[in-house]
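A structural walkthrough
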Amino acid sequence: MKDAFDFTALSTFLTCRRKYDFRINKGYVNKQELKPLQFGNAIHNALDSWYVDKNVEKAVDIFKNNFTENLEIDDKRTNKMGEWIVKNYDKQYADQPWELVKSEMTFSIPLAPEFTFVGRIDKIISWNNCMWVVDHKTTSALGASYFNMAEPNMQFAGYAYAAKKLGYDIKGVIVDAILVAKGLLPSDGAAGTRKNPNLTPFARYDVYYKEEHFKEWKDTVTRIQGDIKGCEGNEGLWYPNFQSCTHFGECTYRQVCKEDQAI
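Residues numbered from 1 in each chain as written. Predicted model: local features only at pLDDT ≥ 70, side-chain atom pairs only at ≥ 80, totals over all residues. Heavy atoms only, no water.

A look at the packing of aromatic side chains
In the structure shown here, the tally under the stated rule is 26 aromatic pairs. When the centroid spacing of 5.1 Å and the interplanar angle of 80 degrees are considered together, the rings of Y146 and F147 count as edge-to-face. Ring plane angle 15 degrees and centroid distance 5.3 Å describe the contact between F147 and Y205, whose orientation is recorded as stacked. You can see F147 sitting in the loop between β4 (130-139) and α6 (154-165) and its partner Y205 sitting in strand β6 (residues 202-208), a full 58 residues away along the chain. The buried category is assigned to F147, whose relative accessible area is 13%. By relative accessible area, Y205 is classed as partly exposed at 28%. Ring-pair connections join several aromatic residues into one group, and the members of that group are W50, Y51, W84, Y89, Y93, W98, W127 and F202. Geometry around F67 places K35 over its ring, the cationic atom sitting 5.2 Å from the centre. (Phe/Tyr/Trp six-rings, centres within 6.5 Å; stacked < 30°, edge-to-face > 60°. Helix = DSSP H or I, 4+ residues; strand = E, 2+ residues; numbered from the N terminus. Buried < 20%, exposed > 50% of the residue type's maximum accessible area, 1.4 Å probe, protein only. Lys NZ or Arg CZ within 6 Å of the ring centre and 35° of its normal.)

Focus on helix α7 (residues 211-232)
Taking 1.5 Å of rise per residue, the 22 residues of α7 would be expected to cover 32 Å, and the 32 Å separating its terminal C-alpha atoms lies within 8% of that figure. For α7, the complete set of buried residues consists of F214, W217, V221, I224, Q225, I228, K229, C231 and E232. Relative to the axis of α7, the buried residues are bounded by an arc of 155 degrees and lie together on one face. Across α7 from its buried face, at more than 90 degrees, point the exposed residues E212, K215, E216 and R223. Looking at the buried side of α7, the elements it contacts are β1 (4-5), α1 (7-15), α2 (17-25), β2 (99-112), β3 (115-127) and α6. (Expected span 1.5 Å × (residues − 1). Arc of directions from axis to C-beta. Contact = heavy atoms within 4.5 Å.)

Considerations on the state of the cysteines
One pass over the full model with this rule turns up zero disulfides. C16 carries a free sulfur, and the closest cysteine sulfur to it, the one in C257, is 6.1 Å from it. Counting only cysteine sulfurs, C245 is the nearest neighbor of C257, a cysteine outside any disulfide, at a range of 5.7 Å. (Disulfide = S-S within 2.5 Å.)

What to know about the environment of R254
The residue R254 is located in helix α8 (residues 254-258) in this model. In the structure, R254 is positioned 235 residues away from K19 in sequence and 9.1 Å away in space, judged by C-alpha atoms. Here R254 is in contact with C245 and T246, once residues within four sequence places are set aside.

Written out as structure tokens, the structure reads:
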């Protein structure tokens, strides 16, 4: 039985218990990494380097070394798009008053005698002598309502809770959003004026946390972990949530669910 849970496991269970069984228990994954995930990871790796030495050319090379474009599958997430994002992120935030404290920090925090919360925090920074968790997010829809997802948010609250438990006096989480959209690039794909100047390529949102938020988060996550344990101890309780099959697109396990199997 599983006793260490990350945000992916918790959120997958809440979305669909059968999806949790497929992904977390059985280990069913796509043979080929999805392009949005690969692109986002490559941007993360590039920014990890940039925050250390502000060397934008080095960061661009790291992006390209971690991403392989395939225009037939995804003509939006390309090498030119990644390079544009990294270079313009540098222009946007080169003079920000932040000091990097930690980058890509893994954690393992006991929540109860039998449960542990594990994960990895993008960054911890110091801003005017205050500590913040920073979480980078790439998105194809950075509109006015995008940051509605920031609070309440189980992932962000969990990262702040973990950082707090590790001894950092965290004030909250800064969501560092990066838009991925064709209109960002100039018509010729080179550096310069955006093809669609109305798009906002970068935006940030800060979420403050108090002790009552952490208490609610811990109580909630502990109960979710208990529900997962209950399913593990009673074979056959991994029932599906059919409402999530086409929520925000198509579940990657929808075709598996369509196969003959016991429900």
